[in-house]
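# Inside the fold
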Amino acid sequence: MRGLIKILAGVACLSATSLLFSQDRLDDKIDELTYGWDLEADKLSSYEGLVNLCSDKNYRDAIFQLLKDIHHYDTILYNVLIDLSKRSKNKEIDRTLKDIRKFEEDYDMQNFIYFMREECKAMVNIEKDADDTRNEVGFTSYSGQVYTLETELFKYVQHVTNKVDKIREHVHHLSEIY
């Protein structure tokens, strides 16, 4: 009987170590992805970044893969926190779960791709009419249309960035607690 207890204690110890190791690796991966997103978001927030996204398949695929990875690890984090919330009534867990749900609902891959596709269509139209609108003044001018599109793009990318950064902050706060 004592041998069985020692074995079970050893397994429990290994499981706890594995969970902590996995949590550290998850924290590191979320940091890495968030940092990667922050770098790309700066580029993507400009008209030039949009032109690159729309015209360079490799760049577009890299951005989409980065966002897919972020969503994947947020889902893993979400599942870990759901399990943890069954054992703990920490408010930070609830706030994190809420922010992940909001991010997954509002900025999932389908919404992101749709938004970027619409931005690319608008960019193509601006460029198609560029010769006719370069000398105009106001919002119908080339520069006015670029400014309007860039402002819309910046706001959207900034919302994504804020959500990604907020989730990372929760992860750091939770890792200090647990």
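Note that the structure is predicted; figures quoted are calculated from it, not measured.

Another aspect to go through is the overall build of the protein. Counting secondary structure elements, the protein contains seven helices and zero strands. Secondary structure elements of the protein occur, N-terminal to C-terminal, as α-α-α-α-α-α-α. A total of 178 residues make up the protein; the buried ones form 37% of that total. Expressed as a percentage of contacts within the protein between residues at least 6 apart in sequence, the contacts between residues at least 24 apart total 75%. A total of about 11100 Å² of accessible surface is found on the protein, and carbon and sulfur atoms cover 56% of it.

With that settled, the discussion passes to helix α4 (residues 91-106). The terminal C-alpha atoms of α4 lie 23 Å apart, and with 16 residues this matches the ideal 22 Å at 1.5 Å per residue to within 8%. Listing the buried residues of α4 in full gives Glu92, Ile93, Thr96, Leu97, Asp99, Ile100 and Phe103. Looking straight down α4, one finds its buried side chains confined to an arc of 165°; they lie on one side. α4 presents Lys91, Lys98 and Glu105 as exposed residues on the side facing more than 90 degrees away from its buried surface. In this structure Asn90 caps α4, since a side-chain oxygen of it lies 2.6 Å from the backbone nitrogen of Glu92.

With 42 residues, the main nonpolar core has Trp37, Leu44, Phe112 and Met116 as its most contacted residues. The residues contacting Trp37, other than those within four sequence positions of it, are Leu44, Ile63, Leu66, Leu67, Ile70, Phe112, Val157, Val160, Thr161 and Val164.

Put plainly, two cysteines are in a disulfide when a covalent bond ties their sulfur atoms together. This structure, assessed with the given rule, holds one disulfide. Sulfur-sulfur distance for the disulfide between Cys54 and Cys120 comes to 1.9 Å. Sign of the S-S torsion, about -95° for the bond between Cys54 and Cys120, identifies this disulfide as left-handed. You can see Cys54 sitting in helix α2 (residues 47-55) and its partner Cys120 sitting in helix α5 (residues 109-128), a full 66 residues away along the chain.

Bringing empty space enclosed by the protein into the picture now. Going through the model one piece at a time under the given rule, you end up with one cavity of 30 Å³ or more. What the largest cavity holds in volume is close to 50 Å³. Lining of the largest cavity is provided by Ile30, Leu33, Thr34, Ile70, Tyr73, Asp74, Val164, Ile167 and Arg168. Taken together, the residues of the lining of the largest cavity sort by class into six nonpolar, one polar and two charged.

As a further point, take the side chain of Thr133. Its location among the elements puts Thr133 in helix α6 (residues 130-133). Its relative accessible area of 7% is what places Thr133 among the buried residues. Not counting residues within four places of it along the chain, the set of residues in contact with Thr133 comprises Thr140, Ser141, Tyr142 and Gln145.

α5 packs onto α2 with a crossing angle of 105° between their chain directions and a minimal axis gap of 10 Å. The pairing of α2 with α5 is recorded here as roughly perpendicular in orientation. Facing Tyr47, Leu50, Val51, Leu53 and Cys54 of α2, the residues of α5 in contact are Met116, Glu119, Cys120, Met123, Ile126 and Glu127.

This brings us to α2. Listed in full, the buried residues belonging to α2 are Tyr47, Gly49, Leu50 and Leu53. Angular distribution of buried residues about the axis of α2 spans 155°; they occupy a single face of the element. Those residues of α2 that are exposed and angled more than 90 degrees off the buried face are Glu48 and Ser55.

Rules of the game
- Residues numbered from 1 in each chain as written.
- Predicted model: local features only at pLDDT ≥ 70, side-chain atom pairs only at ≥ 80, totals over all residues.
- Heavy atoms only, no water.
- Helix = DSSP H or I, 4+ residues; strand = E, 2+ residues; numbered from the N terminus.
- Buried < 20%, exposed > 50% of the residue type's maximum accessible area, 1.4 Å probe, protein only.
- Contact = heavy atoms within 4.5 Å.
- Areas by Shrake-Rupley, 256 points an atom, 1.4 Å probe, with all protein chains shown as cover.
- Expected span 1.5 Å × (residues − 1).
- Arc of directions from axis to C-beta.
- Polar contact = N/O pair within 3.5 Å; in protein donor to acceptor, adjacent residues only side chain to side chain.
- Core = buried A, V, L, I, M, F, W, Y, C linked by side-chain atoms within 4.5 Å.
- Disulfide = S-S within 2.5 Å.
- 1 Å grid on protein atoms, 1.4 Å probe; cavity = no way out; pocket = protein on both sides within 12 Å on 5 of 7 lines; lining within 4 Å.
- Points joined across faces, edges and corners; volume = space filled by probe spheres on them.
- Nonpolar A, V, L, I, M, F, W, Y, C, P; charged D, E, K, R; others polar.
- Axes fitted to C-alpha atoms, helices over the stretch in contact; angles between N-to-C directions.
- Parallel < 35°, antiparallel > 145°, perpendicular 65-115°, else oblique.

Worth remembering: the numbers are spatial, not functional.
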